[in-house]
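# Structure at a glance
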Amino acid sequence: MMSRHLGREVHAASLGSRPRNNPSSHLIERAVALVCLLILAVGVFLVMQPFLSALLWGTILTISTWPLHVRLTRALGGRTGASAAILTLAACAVFLIPLALLGHNLAENVAQLASNLQEWRSKGLPEPPSWVAPLPLVGSRIHEFWSDLAGGTVEATAKLEPYIQYARTRILGFGALIGFGAMQIFISLLIAFFLYRDGRRAAAALDSVLQRLAGRRGPRLLGVAAGTLKGVVYGIIGTNLTEAILAAVGFRIAGVPGAFLLGFFCFFLTLVPVGPVLIWLPATIWLFTIGETGWAIFLIVWSIMIFSVLEALLRTFLVSRGSDLPMLMILLGLFGGLLTFGFIGLFLGPCLLALGYALIKEWIGMEREKMASSGDSGV
């Protein structure tokens, strides 16, 4: 009995000797931990910043084509790696090959422009065509200036020189932008390969995080985000890219110089009503002026088929399955993405705007449902 009593006293003394929890020291520990986490987050962001746009586009591409990956994996007997490799190679053919052709075509045009400038300086320009002067508003001025250049006037050549230098600088800058965009797309496709291969584990982790942050709304928001991204990629980017490639092929067949560059401009102008007319109509007029009447008629028929019939079919089939993003936001996404992320922003900008737009609409709808249910329960 005495030993048991003595043991209790010793235990009580040991408990009394322990330091009590100090609220101030606990707050300091939490503050230090938060600072360390913040420093770690900043470090991770700085490391990943050069690859952020490529990571985002790789993720968007994987999400939008995930059903195809699932079907292909089943057809290959469950071999996820083989399916990921096939889809990555297909994406390379869709995105990188047209970009490589565009860069090659741009290099050829720059070389041709330099050769023509050297020839014009030595021999002078040819006389302006007869159809220039009757053009409304500016025809007479262009005809007069062209005639001065053709006559070898020093003043006209001096006036033209700054514009030539400016155009050369812009063309070289555009070529550098295409090269950087090709590198970003290659990195994004490499990221997409690993996301295809290990996407199920990443999706499970993301679902768990969203459930912790948003509760039962998390999976619903994730579904809305996936559907929106698929709609934008299929209905907007897919349609524009298809029309741009077909337009470039038509220009190339008809013998129009700078075919792939003109097709690149069609990628933007497809979003504007009758926008592609600004590209194919001058090309058609040029073919008529050089006597290629048959190819000019071919280009008219080809362009009408692409930008009228095919566009109506594609947008009806694809856009109706996806996002209802307003056309103004699509344009802002294209140009804002280009200015912010470079060439890859053409694809990334509309997707991010559509995702934000859809999530805000979903959040507003959820809040209304919550208010309606609370009102019904109150009654």
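Residues numbered from 1 in each chain as written. Predicted model: local features only at pLDDT ≥ 70, side-chain atom pairs only at ≥ 80, totals over all residues. Heavy atoms only, no water.

## So, the overall build of the chain
A count of helical and extended segments in the chain gives 13 helices and zero strands. Mapped from its N terminus to its C terminus, the chain presents α and β elements in the order α-α-α-α-α-α-α-α-α-α-α-α-α. Here the chain, with 379 residues, has 30% of them falling under the buried criterion. Look at the contacts in the chain between residues 6 or more apart in sequence, and 70% of them connect residues 24 or more apart. Here the chain displays about 23,200 Å² of accessible surface, and carbon together with sulfur accounts for 70% of that area. (Helix = DSSP H or I, 4+ residues; strand = E, 2+ residues; numbered from the N terminus. Buried < 20%, exposed > 50% of the residue type's maximum accessible area, 1.4 Å probe, protein only. Contact = heavy atoms within 4.5 Å. Areas by Shrake-Rupley, 256 points an atom, 1.4 Å probe, with all protein chains shown as cover.)

## Concerning the nonpolar core
Formed by 37 residues in total, the largest nonpolar core has its most connected members in W57, F95, I185 and C351. Top element by residues in this core is helix α8 (residues 217-254). It accounts for nine residues. Residues in contact with W57, not counting those within four places in the same chain, are F95, S188, V233, I237, I344, F347, L348 and C351. Ranked by size, the runner-up nonpolar core spans 15 residues in total, among them I279, W280, A283 and I306. (Core = buried A, V, L, I, M, F, W, Y, C linked by side-chain atoms within 4.5 Å.)

## Structural notes on a nonpolar patch on the surface
Taken together, the side chains of L34, L37, L40, V44, V47, M48 and F51 present a nonpolar region at the surface, about 680 Å² in accessible area. Structurally, L34 can be placed in helix α2 (residues 23-48). (Patch = residues over 30% accessible without salt bridge, like charges linked within 9 Å, V, L, I, M, F, W, Y side chains within 5 Å. Salt bridge = Lys/Arg side-chain N within 4 Å of Asp/Glu carboxyl O.)

## Examining the pattern of salt bridges
If you walk through the whole model with that rule in mind, you get two salt bridges. Across the pair R197 and D198 runs a salt bridge, and its minimum N-O distance is 3.4 Å. Its relative accessible area of 22% is what places D198 among the partly exposed residues. A salt bridge links D198 to R201; the shortest N-O distance between them is 2.9 Å. With D198 and R201 both in helix α7 (residues 154-214) and three residues apart, the pair spans about one turn of that helix. Via salt bridges that share partners, R197, D198 and R201 belong to a single interconnected network.

## Some details on the packing of aromatic side chains
All told, the structure shown has four aromatic pairs when counted by the stated rule. Arranged with centres 5.3 Å apart and planes meeting at 80 degrees, the rings of F193 and F194 form a pair that is edge-to-face. Assessed through its relative accessible area of 39%, F194 is described here as partly exposed. (Phe/Tyr/Trp six-rings, centres within 6.5 Å; stacked < 30°, edge-to-face > 60°.)

## Quick word on helix α3 (residues 52-64)
With 13 residues, α3 extends 18 Å from end C-alpha to end C-alpha; this agrees with the ideal 18 Å at 1.5 Å per step. When we look at burial in α3, the residues that qualify are S53, A54, W57, G58, I60, L61, T62 and S64. (Expected span 1.5 Å × (residues − 1).)

## Focus: the environment of V256
Tracing the backbone through its elements, the reader meets V256 in the loop between α8 and α9 (259-269). Assessed through its relative accessible area of 8%, V256 is described here as buried. Ignoring anything within four residues of it in the chain, the contact list for V256 reads F251, L262, A283, W286, L287 and L299.

## Structural notes on the side chain of T73
Here T73 shows up in helix α4 (residues 66-75). The residues touching T73, leaving out its near neighbours within four places in the chain, are G78, R79, T80 and S83.

## Comments concerning α4
Within α4, the full set of buried residues consists of H69, V70 and T73. End-on, the buried residues of α4 take up no more than an arc of 100 degrees, which puts them together on one face. Away from its buried face by more than 90 degrees, α4 exposes R71 and A75. Downstream of α4 by one or two residues, G77 has phi in the positive range, about 75 degrees. (Arc of directions from axis to C-beta.)

## Some points on the environment of G356
Positionally, G356 belongs in helix α13 (residues 345-378). For G356, a relative accessible area of 30% corresponds to the partly exposed category. In sequence terms G356 and A225 are 131 residues apart; their C-alpha atoms lie 8.6 Å from each other.

## Some words on the confidence of the model for the chain
Low-pLDDT portions of the prediction should not be read for the details of their coordinates. Confidence in the prediction of the chain, expressed as mean pLDDT, is 75, and 76% of residues score 70 or more. Taken element by element, the predicted model of the chain shows its lowest mean pLDDT in helix α1 (residues 2-17) (49) and its highest in α4 (89). Contacts of residues 13-19 to residues separated by more than four positions or lying in other chains number zero contacts, the stretch itself having pLDDT below 50. (pLDDT = per-residue confidence, 0-100.)

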